[in-house]
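Tertiary structure, described
Chain by chain, the residues:
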Number of protein chains: 2
Amino acid sequence: MFKEAIYHRPKDNFAYAYDEKTLHIRLRTKKDDVEAVHLLYADPYEWKDGVWQLNRAPMVKSGFDDLFDYWFIEVIPPYRRLRYGFELTSGNEKIVYTEKGFYHEAPTDDTAYYFCFPFLNKIDVFHAPEWVKDTVWYQIFPERFANGNPAIDPEGTLPWASEDPTPTSFFGGDLEGIIQHLDYLVDLGVNGIYLTPIFHAPSNHKYDTTNYFEIDPHFGDKQTFKKLVDLCHEKGIRVMLDAVFNHCGYYFAPFQDVLKNGEASKYKDWFHIHEFPLQTTPRPNYDAFAFVAQMPKLNTENPEVKKYLLDVAAYWIQEFDIDGWRLDVANEIDHQFWREFRQVVKSMKPDVYILGEIWHDAMPWLRGDQFDAVMNYPFTNGAIRFFAKNEIGAKQFANIITNVLHSYPENVNEVAFHLLGSHDTPRILTVCDNDVRKVKLLFLFQLSFTGSPCIYYGDEIGMTGGQDPGCRKCMVWEEEKQNRDILEHVKKLIALRKAHPAFRRGKITFMDASDESNHLIYTKTYLDETILVMINNSSKEIDITVPLSLKGKWLVNLWTN
Amino acid sequence: MFKEAIYHRPKDNFAYAYDEKTLHIRLRTKKDDVEAVHLLYADPYEWKDGVWQLNRAPMVKSGFDDLFDYWFIEVIPPYRRLRYGFELTSGNEKIVYTEKGFYHEAPTDDTAYYFCFPFLNKIDVFHAPEWVKDTVWYQIFPERFANGNPAIDPEGTLPWASEDPTPTSFFGGDLEGIIQHLDYLVDLGVNGIYLTPIFHAPSNHKYDTTNYFEIDPHFGDKQTFKKLVDLCHEKGIRVMLDAVFNHCGYYFAPFQDVLKNGEASKYKDWFHIHEFPLQTTPRPNYDAFAFVAQMPKLNTENPEVKKYLLDVAAYWIQEFDIDGWRLDVANEIDHQFWREFRQVVKSMKPDVYILGEIWHDAMPWLRGDQFDAVMNYPFTNGAIRFFAKNEIGAKQFANIITNVLHSYPENVNEVAFHLLGSHDTPRILTVCDNDVRKVKLLFLFQLSFTGSPCIYYGDEIGMTGGQDPGCRKCMVWEEEKQNRDILEHVKKLIALRKAHPAFRRGKITFMDASDESNHLIYTKTYLDETILVMINNSSKEIDITVPLSLKGKWLVNLWTN
């Protein structure tokens, strides 16, 4: 066997507490290299006559990707402590893999050889809100969703959808507009809305906050926002806001104070300033988001800044009862800040959802002490490459998704945020080169997948547009201009997701994937229900044999009913 | 190249902040498989005409073990952000390794392919006390070090060293005894003492605490302890105490209250009780250390318990100015507790040393938010197997040490706690089958190694004894009964360590290791000094060529002066 490919390290995605009683243990081996793996395990204090009392149990192959097989087992250690190793077999060959390396036979004279999960402490278990698993999100870019109150339009507001947006155009979208279209959302079937920033800020996207305690006057006021949240809650819709804590806007009062008073400003340590006086060109001489002088980075290590931002986080929960915080540029802020953020918001509302914007592998933020989820762009990326761009075949797609799922614990995957696009990416119909069939397959995959899916406003009616600002066009409300075909498809999928727990909560298993015919078959299983999804990602009709024994089983075609 | 053996994942020991400006990046590849590795890297926002502006720099091979080569590079990202990948070459073959997998050429159309170190936030940098790097510890088991005040001896105290210890014997060792022998410690050259528990407890080892706020009356009183700490500080010796927070003793008042009042006790949630009434046999029906009914596990998730124990941690710093806490059974307590522990003790005394007792891989506790160090038993284990037991050859030993060093960040290694034995292991002279030469080599390796070495009381004078209670004999004070040969050897090594920064702080490089002659050669380099250590771990004389170009260099034989 290929020892160099074998990998395990306790904690993170390889050995973790799934719940207060259960450990999950995974092992990675070279693909098709190992025939069977058994877990060797026991409580470290179970000894008899100088021999440690090892148990042995088979692991199952939970998936594979391009290079590796993954093995899995669930263990309930009676005293919440575990030492363990792995027995790998292939033909006549047998090796035992431990923390101290490889052995021919499992040593039983000492537990020190073995991997260690020292104690399953409840408080350290990754624990996200249960409702997230049953939520379909809808992302709204408020300036472009609906203009409900023209009286508060900014100066120079353009007539709705009168032209394509630029980085600086305004169309008058506001909170009242969202309120007026809540029935549309209910009809669509979503039960969570995520609003990009709504606090006082000069830009149309409002990621350059001027005042974190005020609603932007062009979006409405606190009373309107309160009404929005209350109406949403009445209709069973959760509300998530966008916390832009990595940086503020240029017109944020403390930054203006530093601009004015320089080194004498009492706010000078609220930022990371390289030298005085401040300069914005050619690059800012202070830390900023990217090199954008309009977005000075906040010094979140400064206790005053920390208190200010944690007060903001608490305020909108306490006063308006919001259900989630999406955290902008979350990985550029220190871990310590996020640990305290979690303590504060969870102590106020234990089932609030904490969602970080992280485009990369995000394990260090998902260990239970910081976020509940991240925006799972590796999922997005894989789905776009397979369904939209046909850059990869069905096998590689299944491998990518398997890899993503194995890079996090299962309880993390169950509440992961799965999006096909956002205000930061081109619209999916555009990415699909206007091929509606591809968009429909993308929605099918997303809405039959585990976790918490999110629909970017307008994608469900076939809106188009390239990278920002193209993807931020005004929502199309005239039914005759909406793609009703996509809309009905999405509604049907959401309805299925709602009706069948296996659709939303089921564990995915890839049954078959072919690069030739480019079809993909997977099951979703939850409790006693299994849903079989067969996707033909080609332009040809194909005949395939269902890779499941259906004998004696009750079958329903969910799609045609 | 063997792709399956290539491993990297940001954070932990593979990509970490070494200091406020510097990132360390490591890569693991199959041994002897890759000829060169270059880091491809840039700030994520450095773009020109749609092309990401990648830099390319060579990595060095920092070591190898049985299966793998390790590659290393230091980077100072100007804006504290980094995206990076690896270019690996072997002969004509070239591959680029990124977070998204392998490529033939480095993609420059998107940074999303690459590994991400999002931002170097100062507060997240692993930061341990500087003084630890220059400290040689001496571990004292107070009941067996010296009896300075017979008036406080427990009933039934045996005459000093009159017989071998049993699990329950008392010999009257106390704090006054330590005070009386401080000059011995100064003469030996140590500048830190670590005392196993000294709080009120019935046993001789005192790991079964009755009262965390009182000195055990058989050891002395608070005045005596204050005197001990003050005298130590005058002599430049730091003092570390043992915090037994995983469990208390049977006679701890809150546990007694639960025994007495059962479910009605206000302390019932201070423990993990499976059912009432409490039973101690055959196994306790409450969580305990191992299955020891005398040591009930504390519920450190309970805010009351947490407050109580954090008050204990603060009290001994505030009132007695101790310099470190060694944390007993540290990995069975929740991470959340230790995070708060760190906040409390570091806010009182920023340079206090936090040392966890963890026998296994301890990366999850060494991420900067919990401990400064753990008792590095994997180091101990390797050294014992090579020097004491001759179970492994010089090559495998070098591989084990290289593996240990690469399993943690460098700043973690620099303050790691390196012991050859403790109150929990047989004495090294006994493990060496009474071969003094082997003990001397063990001390040479330990005291020329990086980190913070610790000598277990009496090992320096050749005391013997098997597993506990054998390793807890009374300290031998009659010079004629001490092994002066070992003692002079240890003193000389400590003096060299003190005189030469490279001896203590230098980075170790294995130059040569032979299984045939069983010799080992390594250098320690710090600033402009390099120390060369040549060890012959065999009973034969051997001739070896110094594997260093010495031309034009100033040479001193440190051993013979």
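Every residue gets a number counted from 1 within its own chain, in the order that chain's sequence is written. The naming scheme follows written order: chains are lettered A onward, ligands numbered 1 onward. In view of the model being predicted, local features appear only for residues whose pLDDT reaches at least 70, and side-chain atom pairs are presented and counted only at 80 or more, with totals across whole chains, interfaces and linings using the full set of residues. Based on all heavy atoms of the structure, the side-chain values leave hydrogens and waters out of the count.

What follows covers the overall build of chain A. Only runs of H or I of at least four residues qualify as helices and only runs of E of at least two qualify as strands under DSSP, and these elements are numbered from the N terminus. Scanning chain A for helices and strands turns up 13 helices and 25 strands. Only the C-alpha atoms count toward the radius of gyration. The rule for a globule is 2.2 Å times the residue count to the power 0.38. Scaling as 2.2 N^0.38, a compact globule of 561 residues should have a C-alpha radius of gyration of about 24 Å, and chain A matches this with 26 Å. Seen through its principal axes, chain A has C-alpha atoms that stretch 80 × 65 × 45 Å. Whether a residue is buried, partly exposed or exposed follows from its accessible area with a 1.4 Å probe, protein chains only, as a fraction of its type maximum: under 20%, in between, or over 50%, in that order. In chain A, which comprises 561 residues, the proportion classed as buried is 62%. Long-range pairs, those at least 24 residues apart, make up 69% of the contacts in chain A between residues at least 6 apart in sequence. Positive charges come from Lys and Arg alone, negative charges from Asp and Glu alone, with His and the N- and C-terminal ends not counted. To locate a charge, take NZ of a lysine, CZ of an arginine, CG of an aspartate or CD of a glutamate. Computed over 60 positive and 80 negative side-chain charges, the inter-centroid distance for chain A is 4 Å. Any pair of residues with heavy atoms lying within 4.5 Å of one another is described as a contacting pair.

Let us look at the packing of helix α5 (residues 303-320) of chain B against helix α6 (residues 335-348) of chain B. Residues and elements named next belong to chain B. Relative to each other, α5 and α6 sit at 30°, their axes nearing to 10 Å. Between α5 and α6, the angle is such that the two are roughly parallel. The chirality of how α5 crosses α6 is right-handed. Contact with α5, carried on its side by K306, L309, L310, A313, A314, I317 and Q318, involves Q336, F337, E340, F341, V344, V345 and M348 of α6 and no other residues of that element. Note on residue classes: Ala, Val, Leu, Ile, Met, Phe, Trp, Tyr, Cys and Pro are nonpolar, Asp, Glu, Lys and Arg are charged, and everything else, Gly too, is polar. A breakdown of the residues in the contact of α5 with α6 according to their chemical character gives 10 nonpolar, 2 polar and 2 charged. An axis is simply a line fitted to the C-alpha atoms; with a helix, the fit covers only the stretch in contact. Between two such axes, the angle follows the N-to-C directions and lies from 0 to 180 degrees. The scheme is simple: roughly parallel for angles under 35 degrees, roughly antiparallel for over 145, roughly perpendicular for 65 to 115, oblique for anything else. Left-handed describes a crossing in which the near helix is turned anticlockwise from the far one by less than a right angle; the clockwise case is right-handed.

For the rest of this paragraph, the subject is the pattern of salt bridges. Salt bridges are counted wherever a side-chain nitrogen of Lys or Arg sits within 4 Å of a carboxyl oxygen of Asp or Glu. Going through the model one piece at a time under the given rule, you end up with 90 salt bridges over all chains. Across the pair D435 of chain A and R437 of chain A runs a salt bridge, and its minimum N-O distance is 3.1 Å. Residue classification places R437 of chain A among the exposed residues on the basis of a relative accessible area of 55%. For R427 of chain B, the salt bridge is made with D459 of chain B, and the minimal N-O distance between the two is 2.8 Å. In this pair, R427 of chain B is assigned in the loop between β21 (417-419) and α10 (428-431) and D459 of chain B in the loop between β22 (452-456) and α12 (484-499), connecting sequence segments 32 residues apart. Like D459 of chain B, R427 of chain B is buried. Several salt bridges share partner residues, and in doing so they unite E130, K133, D134, E414, R504 and R505 of chain A into one network.

The method works on a 1 Å grid over the protein atoms by themselves. A cavity is a set of points holding a 1.4 Å probe that cannot get out, a pocket is an open set with protein on both sides within 12 Å along at least five of seven lines, and residues with an atom within 4 Å of a point line them. Grid points are joined across faces, edges and corners, and a volume is the space filled by probe spheres set on the points. Overall, the coordinates contain 5 cavities of 30 Å³ or more when judged by the stated rule. Looking at the largest cavity, its volume works out to about 380 Å³. Forming the walls of the largest cavity are 36 residues, and the residues nearest its centre are D12 and R367 of chain A together with R9, D12 and R367 of chain B. Here the lining of the largest cavity is built from residues that sort into 18 nonpolar, 6 polar and 12 charged. Each of domain 1 (3-124) and domain 2 (130-241 + 302-503) of chain A gives at least three residues to the lining of the largest cavity. Marked domain ranges trace back to an automatic or database domain assignment.

Turning our attention to the sheet that holds strand β23 (residues 507-513) of chain B. For sheets, the rule is that strands pair by backbone hydrogen bonds, running either parallel or antiparallel. All names here are of chain B. Taken in spatial order, the 3 strands make up an open sheet running β23-β24-β25, and their pairing is antiparallel. The sheet is open, and its two borders are formed by β23 and β25 (529-536), each paired with just one other strand. For this sheet, the mean inter-axis angle between neighbouring strands, taken without regard to orientation, is 20°. The rule for pairing is simple: two strands pair if DSSP sees at least two bridges between them. Looking at chain direction, strand β24 (residues 519-526) and β25 are connected through 8 bridges and run antiparallel. Note on β25: the bridge partner recorded for H519 is N536. Contacts from helix α11 (residues 436-447) reach β23, β24 and β25 within the one sheet, and its direction differs from that of β25 by about 155°.

This part is about the interface of chain A and chain B. Contact residues are listed per partner, giving 60 residues for chain A and 60 residues for chain B. On the surface where chain A and chain B come into contact, there are 12 salt bridges. Here R367 of chain B makes a salt bridge to D12 of chain A, at a shortest N to O gap of 3.6 Å. Polar contacts, as used here, are pairs of N or O atoms within 3.5 Å; protein pairs need one atom able to donate a hydrogen and one able to accept it. Residues neighboring in sequence count only if both atoms are side-chain atoms. If you look at where chain A meets chain B, you find 47 residue pairs in polar contact (both at pLDDT 80 or more). Counting residues per element, the ones that place at least two in the side of chain A that touches chain B are β2 (23-30) and α6 (335-348) of chain A. Among the elements that make up the side of chain A that touches chain B, the one with the highest residue count is α6 of chain A (4 residues). Each residue belonging to the side of chain A that touches chain B can be placed in one class, and the counts come to 22 nonpolar, 11 polar and 27 charged.

Our next topic: the sheet that holds strand β17 (residues 238-243) of chain A. Residues and elements named next belong to chain A. Pairing is parallel across the open sheet formed by 8 strands, whose spatial order is β20-β19-β18-β17-β14-β13-β22-β21. Only two strands of the sheet have a single neighbouring strand rather than two, namely β20 (373-374) and β21 (417-419). Of the strand pairs in this sheet, strand β13 (residues 137-140) and strand β14 (residues 192-195) are connected by 4 bridges, and their pairing is parallel. Across the sheet, residue Q139 finds its bridge partner in β14, namely Y194.

Superposing chain A onto chain B requires a rotation of 180° together with a translation of 0.0 Å along the rotation axis, leaving an RMSD of 0.0 Å. Such values leave the two copies arranged in the relation of a two-fold axis. When each C-alpha of chain A is compared by its distance to the rotation axis, A5 of chain A comes out closest, at 2.4 Å. Looking at the interface residues of chain A, 100% of them are also at the interface in chain B, so both copies use one shared face. Superposing copies: least-squares fit, C-alpha atoms only, residues required to have pLDDT of at least 70 in both.

A few words on the domain arrangement of chain A. All names here are of chain A. Domain annotation for chain A reports domain 1 (3-124), domain 2 (130-241 + 302-503) and domain 3 (247-299). Taken together, the 16 residues of domain 1 in the interface contact 15 residues of domain 2. Computed with a 1.4 Å rolling probe, the buried area is the accessible surface lost when two parts are put together, summed over both parts. Buried area between domain 1 and domain 2, summed over both chains or domains, comes out near 1,200 Å², and the portion from carbon and sulfur atoms is 43%. The largest share of the area that domain 1 buries against domain 2 comes from D12, Y18 and R26, three residues that together contribute 36% of it. At the boundary of domain 1 and domain 2, one finds 11 residue pairs in polar contact (both at pLDDT 80 or more). Mapped onto the side of domain 1 that touches domain 2, the elements with two or more residues apiece are β1 (15-17), β2, β7 (60-64) and β8 (68-75). The element best represented in the side of domain 1 that touches domain 2 is β7, accounting for 3 residues. Looking at the side of domain 1 that touches domain 2, its residues break down into 6 nonpolar, 4 polar and 6 charged.

Core analysis: the largest hydrophobic core is formed by 141 residues, its most contacted members being Y138, F225, F245, W325, F341 and F445 of chain A. Here this core gets 9 residues from one element, more than from any other, and that element is helix α5 (residues 303-320) of chain A. Taken domain by domain, this core gets at least three of its residues from each of domain 2 (130-241 + 302-503) and domain 3 (247-299) of chain A. Among the buried residues, those of types Ala, Val, Leu, Ile, Met, Phe, Trp, Tyr and Cys that are joined through side-chain atoms within 4.5 Å form a nonpolar core. Core analysis: the next-biggest nonpolar cluster, separate from the first, contains 140 residues, V404, L442, F449 and V533 of chain B among them.

Before going further, it helps to examine the packing of aromatic side chains. Only Phe, Tyr and Trp rings are paired, with Trp represented by its six-membered ring, and only when their centres lie within 6.5 Å; those with planes under 30 degrees apart are stacked, over 60 edge-to-face, the remainder tilted. Summed over all chains, the structure comprises 121 aromatic pairs over all chains. Where F387 of chain A meets F445 of chain A, the ring centres are 5.7 Å apart and the plane angle is 40°; that geometry is what we call tilted. Pair noted here: F387 of chain A is in helix α7 (residues 377-388) and F445 of chain A is in helix α11 (residues 436-447), with a separation of 58 residues, a long-range link. Judged by centre distance (5.9 Å) and plane angle (70°), the rings of Y138 of chain B and F145 of chain B are edge-to-face.

Our next topic: unusual backbone geometry. Most peptide bonds are trans, and most residues other than glycine sit at a negative phi. Each neighbour pair has its own omega, and for F276 of chain A with P277 of chain A the value is -5°, a cis peptide bond. In this structure, P277 of chain A sits in the loop between α4 (253-261) and α5. Although it is not a glycine, K206 of chain A sits at a positive phi angle of roughly 65°. For K206 of chain A, the position within the fold is in the loop between β15 (199-200) and β16 (211-215). Relative accessible area serves as the criterion here: at 1%, K206 of chain A is assigned to the buried category. The backbone phi angle of V329 of chain B is positive, close to 45°, even though this residue is not glycine. By the element assignment, V329 of chain B lies in the loop between β18 (324-327) and α6. Residue classification places V329 of chain B among the buried residues on the basis of a relative accessible area of 7%.

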